[in-house]
Amino acid sequence: MNYKTKGTALVACMLAIGVASMPQNALAQQPSQCSYSPQQTAQTRPIELGVSGGNINSLLRANSGKLSGCYSGTLGSLVEDATDTQYILSNNHVLADQNTAKPGDLIVQPGLVDVECLKAPSNAVATFSGMVRLKFNGSRNYVDAAIAAVNPGDVSPEIAFIGGISSSPATATIGMAVQKMGRTTCLTFGAVAQLDAHLRVNYSDTKRPKPAKFVDQIVVSGSLETPQFSAAGDSGSLIVTDDDCPQPVALLFAGSASGLTIANPISTVLSALNVSMVGTCTASLSSDSANAELVAGGAPVSKEAVAVAAAVRDRHEDSLMSIPGAVGTGIGAGDHPGQTTIVLYVDKLTPQAQAAAPKEVEGTPVKLIESGEFVAY
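Described below are features of the structure shown in this document. Everything numeric in this text was worked out from a predicted model, so none of it was measured. (Residues numbered from 1 in each chain as written. Predicted model: local features only at pLDDT ≥ 70, side-chain atom pairs only at ≥ 80, totals over all residues. Heavy atoms only, no water.)

A few words on helix H5 (residues 303-321). The sharpest bend along H5 measures roughly 55° and falls at Arg 315. Those residues of H5 that sit buried are Ala 305, Val 306, Ala 309, Ala 310, Val 312, Arg 313, Glu 317 and Leu 320. For H5, the elements touching its buried residues are strand E16 (186-202), strand E22 (326-333), strand E23 (340-346), strand E24 (360-361) and strand E25 (364-370). (Bend = angle between axes of the 7 residues up to and from the residue. Helix = DSSP H or I, 4+ residues; strand = E, 2+ residues; numbered from the N terminus. Buried < 20%, exposed > 50% of the residue type's maximum accessible area, 1.4 Å probe, protein only. Contact = heavy atoms within 4.5 Å.)

Let us look at the pattern of salt bridges. As enumerated under the stated definition, the model contains three salt bridges in all. Arg 313 is the salt-bridge partner of Asp 314, the closest N and O atoms lying 2.8 Å from each other. Take Asp 314: its relative accessible area is 42%, and that puts it in the partly exposed class. The partner of Glu 362 in a salt bridge is Arg 315, and the shortest N-O contact between them spans 2.8 Å. Of the two residues, Glu 362 is situated in the loop between E24 and E25 and Arg 315 in helix H5; the sequence distance between them amounts to 47 residues. By relative accessible area, which is 47% here, Glu 362 ends up partly exposed. (Salt bridge = Lys/Arg side-chain N within 4 Å of Asp/Glu carboxyl O.)

Turning our eyes to something else, we now look at the state of the cysteines. Counting across every chain of the model gives two disulfides. A sulfur-sulfur distance of 2.1 Å marks the disulfide that ties Cys 70 to Cys 117. Residues Cys 70 and Cys 117 are joined through a disulfide that is left-handed, its torsion about the S-S bond being -80°. Remark: Cys 117 occurs in the loop between strand E10 (106-108) and strand E11 (124-131) and Cys 70 occurs in strand E6 (residues 67-70); sequence separation between them is 47 residues. For the pair shown, Cys 70 and Cys 117 are each scored as buried. Bridging Cys 245 to Cys 281, the disulfide has an S-S length of 2.0 Å. An S-S torsion of about 90° defines the bridge between Cys 245 and Cys 281 as right-handed. Residue Cys 245 is located in the loop between strand E18 (238-241) and strand E19 (248-256), and its partner Cys 281 is located in the loop between strand E21 (276-277) and helix H4 (287-290); the two are separated by 36 residues in the primary sequence. Cys 281 sits in the partly exposed class, given a relative accessible area of 24%. (Disulfide = S-S within 2.5 Å.)

Written out as structure tokens, the structure reads:
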């Protein structure tokens, strides 16, 4: 994992699974309302979402037990269960500190890294309630997700700079225009680049890797306006469609130095936690098609074509992942209208990887992308 330090009284060490310093070029890439970082400061209650937050116990300690830093992520959106109890939705590694949180732990806003690691119970806006456990034993993960019951009157359903959202999730399609609001890179815009991605994601806060295997993920790339769609600290952000009543699409949790963002399909997240989105607007019936892809030749890639390519990938995944430097696979748009391609993500695009990778499998093209390592944000 990459470390970036912040000079505070407690020498807060901002790591990739929590939050990193605002990249030096990020401000130049952000829309005007994000030319400063209000989302990293204490919000007036009720807080809007898409802002800095996390577990009050998100502290880092050296082997000696001495405090060495802290970390934070993003409080993403509002969800509710069948009893109408409302919760903040974010990642396991943001709210539950990688499976270690206990029910009732305070969830604070802003997160510790933005208050010099000061544990202030008065900053609490919710209490940790539940999570989907992360697996690091080679088993498949589908989501990195957790919820925290909100304190009455402390949390608004609106997302900063985005506003109200629909309670109806949208199914991601290749090329779909999306946006997100997060702790580090603020409001950004992008598009769904690949679907059904199977990836290795590093959760380590040391030089020793801690890989987790994820399947059926969504890969998002940035836009001309905001080339950097996300960065460390944006974990937990809700990715939504870019229209008048945004629909939830995915839950952001990881990315790579190459600029790719990884997210869980929101329908999978909601099902795993047995909750539904809290919405304040009604999406039009044409929202999905309005945000559909404009890819090669202006022809969309159908869900059926993606499913066929994913099935081919699955049959050859072991051999594809044996290629030097391989860190994952996904399904993207091909070079011809309506065509799909199997994307092979490699840490580095070496001559060895290029020589070992097939040009196609079962008639489906294979494309190599130098992604770098995928890390939890």
